[in-house]
2 protein chains.
Amino acid sequence: MSSTIKVLLAEDQSMVREALAALLGLEEDIEVVAQVARGDEVVAAAHAHGIDVALLDIEMPGCTGIEAAARLHKELPAVKLVVLTTFGRPGYLRSAMEAGADAFLVKDAPAAQLAEAVRKVLAGERVIDPTLAAAALAEGANPLTDREREVLRAAADGSTNAELAKALHLSQGTVRNYLSTAIQKLAARNRTEAVRIAREKGWL
Amino acid sequence: MSSTIKVLLAEDQSMVREALAALLGLEEDIEVVAQVARGDEVVAAAHAHGIDVALLDIEMPGCTGIEAAARLHKELPAVKLVVLTTFGRPGYLRSAMEAGADAFLVKDAPAAQLAEAVRKVLAGERVIDPTLAAAALAEGANPLTDREREVLRAAADGSTNAELAKALHLSQGTVRNYLSTAIQKLAARNRTEAVRIAREKGWL
DNA sequence: ACTGCGGGATGACAGATGTCATACGCACGG
DNA sequence: CCGTGCGTATGACATCTGTCATCCCGCAGT
């Protein structure tokens, strides 16, 4: 058993990443041994450094922190996973848990919770904001089918039906059908609102 | 002349705010004497602590860091202003400069630039990413009129024309006219895309 | 005094979007 | 073997959106 906890920090914004590293550096028992700025560099860095805990931001280029968590969990199941995010979206929590995360923290929680979470997951505990957990349970699972989600995501940038149809190799009518059902499932009044709602819930 | 530089830190996400404080705390000559989580608390805190430099995030509840900068610049012109943001949108840089900012930093710049910027602004220098400055000049000013911007912003959440008309006390036709001209000025194909483009440029 | 521009409005029109009924094939659970 | 849900598609219909021409008012510049 080593004397310090070895942590990998994955976060794309250098200033935030290094600031978090400085924060964790203040703790006697924690050492940030690796930093990456992209989701797709997580697994390699984890292998290279023999870490105990991975601290993963969700919003990252390459792949999301959630995808990175899933891969890491598969390859190095012993590594504890702390998922960190700007947005406390219930859907994110759900997917993080499904990806094998041990802790889920939002960035507007007090900084002290970060080091605390690292220690707790290493002790085998799970760390989840109870309010968020309640919200995740209350709102239920993502009601959208894979295809609906795909179409809605593609529609988010303002593409027209014709463009969506071409991009997704579907007929225009089918695109409209999917958007229509998505709009109804999300209780929205049009695609724009549907996108907003899906985003807020972390379903996109 | 005091021996340490007194800094106010305004940033809504506690974890990031405290991490940045930890980072600045590592510098011998810098002291974070006040932290606030809302834009509208900046001026009061600045008055209360007699600060040298204010470090302002843009995305904050209460009011944006840019508005806070403008107010602070008016009330305490001696205080140097460093604007910090997640998004390197040229329009943001422009408005920050107009609000009297002395430095403009994006969060994905190296952490070392933060302390450096604090020292430089205090020495009377301006600190601006040259790439971003070029982009801001290249794209020109916000082409939207006040009303167009207002309508576009209101339309961003998926409201229908009828709802926009009611909310803004306009006729439906007028709403459509404004959206139409906004769409054309932004070279978009519909309101959704117009919103996206305006957001990307920092014009919303 | 004239001109231009922004805010506000109307009416007409074309095209995009949302809804609905209906259909076919496929996979999966009972 | 039968129902159900999903993916895909079509056609018809109603409504929403985007465009355009045209108008009025007030204000700032020249």
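No experiment lies behind these values; they were computed from the predicted model shown. (Residues numbered from 1 in each chain as written. Chains lettered and ligands numbered in written order. Predicted model: local features only at pLDDT ≥ 70, side-chain atom pairs only at ≥ 80, totals over all residues. Heavy atoms only, no water.)

Caption draft 1: Focus on the domain arrangement of chain A. When the domains of chain A are assigned, the result is domain 1 (5–138) and domain 2 (146–201). The C-alpha-based centres of domain 1 of chain A and domain 2 of chain A are spaced at 31 Å. (Domains from an automatic or database assignment.)

Caption draft 2: Looking closely at the relation of the copies chain A and chain B. Superposing chain A onto chain B takes a rotation of 180 degrees combined with a translation of 0.1 Å along the rotation axis, leaving an RMSD of 0.1 Å. Expressed as a symmetry operation, the mapping of one chain copy onto the other fits a two-fold axis. Minimal C-alpha distance to the rotation axis in chain A is attained by Ala19 of chain A, lying at 2.4 Å. Both copies share a contact surface, since 100% of the interface residues of chain A are interface residues in chain B too. (Least-squares fit on C-alpha atoms with pLDDT ≥ 70 in both. Contact = heavy atoms within 4.5 Å.)

Caption draft 3: Broad picture of the UniProt feature "modified residue: 4-aspartylphosphate" (unreviewed entry) in chain A. Residues and elements named next belong to chain A. UniProt tags Asp57 as "modified residue: 4-aspartylphosphate" (unreviewed entry). As for its placement among the helices and strands, Asp57 is situated in strand 3 (residues 53–57). Take Asp57: its relative accessible area is 2%, and that puts it in the buried class. Asp57 has contacts with Ala10, Glu11, Asp12, Gly65, Leu84, Thr85 and Lys107, leaving out every residue within four places of it along the chain. (UniProt positions renumbered as here; feature names shortened; annotations may be inferred. Helix = DSSP H or I, 4+ residues; strand = E, 2+ residues; numbered from the N terminus. Buried < 20%, exposed > 50% of the residue type's maximum accessible area, 1.4 Å probe, protein only.)

Caption draft 4: A look at helix 7 (residues 146–155) of chain A. All names here are of chain A. Considered for burial, the residues of helix 7 that qualify are Glu148, Arg149, Val151, Leu152 and Ala155. Each buried residue of helix 7 lies within a common arc of 165 degrees when the element is viewed along its axis, so the set occupies one face. Residues of helix 7 that are buried in the fold lie against helix 8 (161–168), helix 9 (172–185) and helix 10 (191–201). (Arc of directions from axis to C-beta.)

Caption draft 5: Up close: the protein's contact with DNA strand C. As a matter of local geometry, DNA strand C sits amid 19 residues, with Arg176 and Arg191 of chain A together with Thr145, Arg147 and Tyr178 of chain B nearest to it. A distance of 2.4 Å separates a phosphate oxygen of DNA strand C from a polar side-chain atom of Arg147 of chain B. Within the side chain of Asn177 of chain B, an N or O atom sits 2.9 Å from a base oxygen of DNA strand C. Put simply, the parts of the chain that give the surface near DNA strand C at least two residues each are helix 9 of chain A together with helix 7 (146–155) and helix 9 (172–185) of chain B. Of the residues assigned to the surface near DNA strand C, the class counts are three nonpolar, eleven polar and five charged. (Near = heavy atom within 4 Å. Polar contact = N/O pair within 3.5 Å; in protein donor to acceptor, adjacent residues only side chain to side chain. Nonpolar A, V, L, I, M, F, W, Y, C, P; charged D, E, K, R; others polar.)

Caption draft 6: Structural context of the protein's contact with DNA strand D. Near DNA strand D there are 19 residues, and of these Arg147, Ser171 and Tyr178 of chain A together with Arg176 and Arg191 of chain B occur at the shortest range. Across the atoms of DNA strand D situated within 4 Å of the protein, the share located in sugar and phosphate is 57%. A distance of 3.1 Å separates a phosphate oxygen of DNA strand D from a polar backbone atom of Asn161 of chain B. For DNA strand D, a phosphate oxygen lies 2.9 Å from a polar atom in the side chain of Ser180 of chain B. Taken together, the elements giving at least two residues each to the surface near DNA strand D come down to helix 7 and helix 9 of chain A together with helix 9 of chain B. Split by residue class, the surface near DNA strand D holds three nonpolar, eleven polar and five charged.

Caption draft 7: Quick peek at the environment of Met15 of chain B. Inspection of the secondary structure puts Met15 of chain B in helix 1 (residues 14–25). Judged by its relative accessible area of 0%, Met15 of chain B falls in the buried class. Residues Met15 of chain B and Tyr178 of chain B lie 163 residues apart in sequence; the distance between their C-alpha atoms is 41 Å. If near-sequence neighbours (up to four positions away) are discounted, Met15 of chain B is found in contact with Leu20, Leu84, Leu105, Val106, Lys107, Asp108, Ala109, Pro110, Ala111 and Leu114 of chain A.

Caption draft 8: Seen up close, the sheet that holds strand 6 (residues 127–128) of chain B. Residues and elements named next belong to chain B. In spatial order, the strands read 2-1-3-4-5-6; together these six strands make up an open sheet with parallel pairing. Each edge of the open sheet carries a strand with a single partner, namely strand 2 (30–36) and strand 6. Of the pairings in the sheet, the one linking strand 1 (residues 5–10) to strand 2 comprises six bridges and is parallel in character. Across the sheet, the residue bridging to Ile5 is Ile30, located in strand 2. In the packing of helix 1 onto the sheet, contacts are made with strand 1, strand 2, strand 3 (53–57) and strand 4 (80–85), and the angle to strand 2 comes to roughly 165 degrees. The strands touched by helix 5 (residues 112–122) are strand 1, strand 2, strand 3, strand 4, strand 5 (103–106) and strand 6; relative to strand 3, the strand with the most contacts, the crossing angle is about 135 degrees. (Pairing = 2+ DSSP bridges. Axes fitted to C-alpha atoms, helices over the stretch in contact; angles between N-to-C directions.)

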